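Each chain, written out:
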Amino acid sequence: MINRELIVLDSELKDREDIIEFLANKALNIGYISSLDEYIDAVKKRESEFSTAIGYGVSIPHGKSSAVDRAFIGFLRCREEIKWSEDQKEKVRLIFLLGVPENKKETLHLKILAQISRKLMDEEFRKKLLCNDTEKVFQLLNEIEQNISSEN
């Protein structure tokens, strides 16, 4: 679920669509999704319903799609805060792109969101995500996966 290739630190990207497409392409290239367009359309559909910016400078874009073959969490940290949606004042810097297979969307999807949200409530955890060590960020994100696995 957590893969080093899906962790991007200090990206220069400044646009929500570009970020989603960039991380989705990475997920496609390493075999987490089978159709880039289908997955991106699902994420955009979800964003159009309600912004996934949740506070604390964080957004968790996701969408329900049969194009997801294996569950994944992509993480992108922007070099600077960006405006996530036109109708929100709050800016984001930490983006978690989620992918969950259609047949597991209800339980796994909610478990992933709950674990990420729980971790992000911890200010110390958010601060650690700002370090310049990809391996350290990988370990932090891996804690989320371990917590999800221990719930099963």
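Refer to the structure printed above.
The rules we used
Residues numbered from 1 in each chain as written. Predicted model: local features only at pLDDT ≥ 70, side-chain atom pairs only at ≥ 80, totals over all residues. Heavy atoms only, no water. Helix = DSSP H or I, 4+ residues; strand = E, 2+ residues; numbered from the N terminus. Rg over C-alpha atoms; globule rule 2.2 N^0.38 Å. Buried < 20%, exposed > 50% of the residue type's maximum accessible area, 1.4 Å probe, protein only. Contact = heavy atoms within 4.5 Å. Lys, Arg positive; Asp, Glu negative; His and termini not counted. Charge placed at Lys NZ, Arg CZ, Asp CG, Glu CD. Phe/Tyr/Trp six-rings, centres within 6.5 Å; stacked < 30°, edge-to-face > 60°. Lys NZ or Arg CZ within 6 Å of the ring centre and 35° of its normal.

Trainee: Is there a simple way to think about the overall build of the chain in this case?
Mentor: In terms of helices and strands, the chain carries five helices and six strands. The linear arrangement of helices and strands in the chain, starting from the amino end, is β-α-α-β-β-β-β-β-α-α-α. Whereas a compact globule of 152 residues would reach a radius of gyration of roughly 15 Å, the chain reaches 14 Å, a difference of no more than 12%. Its C-alpha atoms give the chain principal-axis dimensions of roughly 35 × 35 × 25 Å. Per-residue burial over the chain gives 49% buried out of 152 residues. The contacts in the chain between residues at least 6 apart in sequence include a share of 70% that link residues at least 24 apart. Put simply, the chain has 24 plus and 28 minus side-chain charges, and the middle of one group is 4 Å from the middle of the other.

Trainee: Can you help me understand the packing of aromatic side chains in this one?
Mentor: By convention here, two paired aromatic rings are described through the distance between centres and the angle between planes. Per the stated rule, a full pass over the model turns up three aromatic pairs. Centroid distance F75 to F96: 5.0 Å. Interplanar angle 55°. Geometry classified as tilted. Of the two residues, F75 is situated in strand β5 (residues 72–83) and F96 in strand β6 (residues 91–101); the sequence distance between them amounts to 21 residues. Each residue in the set Y32, Y39 and F72 is aromatic and connected to the rest through ring pairs, giving one cluster. Its guanidinium or amino end placed over the ring of F138, R4 lies 3.8 Å from that ring's centre, counting from NZ or CZ. The ring of Y32 carries R70 above its face, with NZ or CZ at 4.3 Å from the centroid.

Purely geometric numbers; function is a separate question.
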